[in-house]
Amino acid sequence: DLDDGVEARILSVEQIRDQVPLFARLYNQVSAEYPCTREKVCLLEALKRLFDHFASDLIATTAARLRASGIETLDDIRNLPDRLASLSPQAEAERAQIKRFLYDHLYYSPQLIAHKEHGERIIEDLFRFWMAHPEQLPPTYRQMAGLDALLAPAGALPDNLIVIEPLPRIVCDYIAGMTDSFCLEQHARFLP
């Protein structure tokens, strides 16, 4: 999201460097190693190193917790009072700092309000549409909601068909799995 914020000109590299110490350290490393590199390349390389930092920490911390826990069975994992996979306290604090920065400067920025409201309207429209017309859902989702049993002629479906989830959950899951472009295509298709 940091690079998306810079690309959208809502965030600047300087602003991120000033307020996110981990990013500043990594960006400065990249700039020192490649002094003539364009800002965009330094940004992307610093973000790559940021991801590597968190992934490496997650792997190392989880491995250490696994060794210390004495786990031998799957039930041992299920009975743990805390998550086994986690970041170290330092990396978790760094992650939280980045998240706070993004909420404070990107996610709720005035520049995104109109886009956010438009997206909310699209999602709400699609949800209402599929709740009113569940037969328009793809076959897999109709089956998960048990709708094919209601729409099919008697004897066309097995007697042991199980309704997995209620329709509102199915519609939410369907919408949540969409890309932005597919969501917009579906809205244009069903709600022109």
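Along each chain, residues carry numbers from 1 onward, in the same order as the chain's sequence is written. Totals for whole chains, interfaces and linings use every residue, but because this is a predicted model, local features are given only for residues with pLDDT of at least 70 and side-chain atom pairs only at 80 or more, for both listing and counting. As a rule here, side-chain values come from all non-hydrogen atoms in the structure, and water together with hydrogens is ignored.

Caption draft 1: The overall build of the protein chain, seen in detail. Assigned secondary structure in the protein chain consists of eleven helices and zero strands. Against the compact-globule benchmark of 16 Å for 192 residues, the protein chain has a radius of gyration of 24 Å, which places it well outside the compact range. Seen through its C-alpha atoms, the protein chain measures out along the principal axes to roughly 70 × 55 × 25 Å. With 192 residues in all, the protein chain has 30% of them scored as buried. The contact rule is simple, with two residues in contact once any of their heavy atoms fall within 4.5 Å. Pairs at least 24 residues apart make up 59% of the contacts formed inside the protein chain by residues separated by at least 6 positions. When the accessible area of the protein chain is evaluated, it comes to approximately 12800 Å², of which 56% is carbon and sulfur surface. By the counting rule applied here, Lys and Arg register as positive and Asp and Glu as negative, while His and the ends of each chain are not counted. Every charge is mapped to an atom, namely NZ of Lys, CZ of Arg, CG of Asp or CD of Glu. Put simply, the protein chain has 20 plus and 29 minus side-chain charges, and the middle of one group is 3 Å from the middle of the other. Secondary structure elements follow DSSP: runs of H or I no shorter than four residues count as helices, runs of E no shorter than two count as strands, and numbering proceeds from the N terminus. The atom set for the radius of gyration is the C-alpha atoms, and the globule formula is 2.2 Å times the number of residues raised to the power 0.38. Relative accessibility under 20% of the residue-type maximum defines a buried residue, over 50% an exposed one, and the middle range a partly exposed one, all with a 1.4 Å probe and only protein chains included. Per-residue accessibility takes into account occlusion by the displayed protein chains alone, with areas from the Shrake-Rupley method and a 1.4 Å probe.

Caption draft 2: Structural view of the packing of helix H7 (residues 113-132) against helix H10 (residues 167-176). Think of each axis as a best-fit line through the C-alpha atoms, taken over the contacting stretch in the case of a helix, with angles from 0 to 180 degrees between the N-to-C directions. It is at 10 Å that the axes of H7 and H10 come closest, and there the two elements cross at 140 degrees. By the angle class used here, H7 and H10 are oblique. Of the two possible hands of crossing, H7 and H10 adopt the one that is right-handed. Here Ile123, Leu126, Phe127, Trp130 and Met131 of H7 lie close against H10, whose contacting residues are Leu167, Pro168, Val171, Cys172, Tyr174 and Ile175. Convention used here: angles under 35 degrees read as roughly parallel, angles over 145 as roughly antiparallel, angles from 65 to 115 as roughly perpendicular, and any remaining angle as oblique. Should the near helix be turned counterclockwise from the far one by less than a right angle, the crossing is left-handed, whereas a clockwise turn marks it as right-handed.

Caption draft 3: Structural detail: unusual backbone geometry. One non-glycine residue, Arg9, lies in the positive phi region at around 65 degrees. In this structure, Arg9 sits in the loop between helix H1 (2-7) and helix H2 (13-19).

Caption draft 4: Just the packing of aromatic side chains, in detail. Only the six-membered ring of Trp is used, alongside the rings of Phe and Tyr, when aromatic pairs are assigned; centres must lie within 6.5 Å, and planes under 30 degrees apart are stacked while those over 60 apart are edge-to-face, with the rest tilted. Counting across every chain of the model gives eight aromatic pairs. Summarising the aromatic geometry, the rings of Phe129 and Phe190 are spaced 4.8 Å apart at their centres and angled 25 degrees between planes, so their arrangement reads as stacked. Highlighted residues: Phe129 in helix H7 and Phe190 in helix H11 (residues 180-190), separated in sequence by 61 residues. For Phe129, a relative accessible area of 12% corresponds to the buried category. Taking the relative accessible area as the measure of exposure, Phe190 reaches 15% and is therefore buried.

Caption draft 5: Just H7, in detail. Taking 1.5 Å as the rise per residue, H7 with 20 residues should run 28 Å; its terminal C-alpha atoms sit 28 Å apart, in good agreement. Tucked into the core, H7 has its buried residues touching H10 and H11. Given a helix with a known number of residues, its expected span is that number minus one, times 1.5 Å.

Caption draft 6: Broad picture of the environment of Asn79. One can find Asn79 in the loop between helix H5 (74-78) and helix H6 (89-107). By relative accessible area, Asn79 is classed as exposed at 63%.

Caption draft 7: Structural view of the nonpolar core. Nonpolar cores are built from buried Ala, Val, Leu, Ile, Met, Phe, Trp, Tyr and Cys residues. Side-chain atoms within 4.5 Å join them into one set. Counting 24 residues, the largest nonpolar core has Leu2, Leu11, Ile16, Phe23, Leu50, Phe54 and Ile98 as the members making the most contacts within it. Those elements giving two or more residues to this core turn out to be H1, H2, helix H3 (21-33), helix H4 (39-69) and H6. Of the residues forming this core, the biggest block, six residues, is contributed by H4. Core analysis: the second largest hydrophobic core is formed by 15 residues, Trp130, Leu147, Cys183 and Phe190 among them.

Caption draft 8: Representation of the packing of H3 against H4 in the model. Running from amino to carboxyl end, H3 crosses H4 at an angle of 125 degrees, the nearest separation of the two axes being 9 Å. As summarised for this structure, H3 and H4 are arranged oblique, according to the angle between their axes. In this structure, H3 meets H4 at a crossing whose hand is right-handed. Between H3 and H4, the contacting residues are Leu22, Phe23, Leu26, Tyr27, Gln29, Val30, Ser31 and Glu33 on the first element and Glu39, Cys42, Leu43, Glu45, Ala46, Leu47, Arg49, Leu50, His53 and Phe54 on the second. Residue type decides the class: Asp, Glu, Lys and Arg count as charged, Ala, Val, Leu, Ile, Met, Phe, Trp, Tyr, Cys and Pro as nonpolar, and the leftover types, Gly among them, as polar. Taken together, the residues of the contact of H3 with H4 break down into eleven nonpolar, three polar and four charged.

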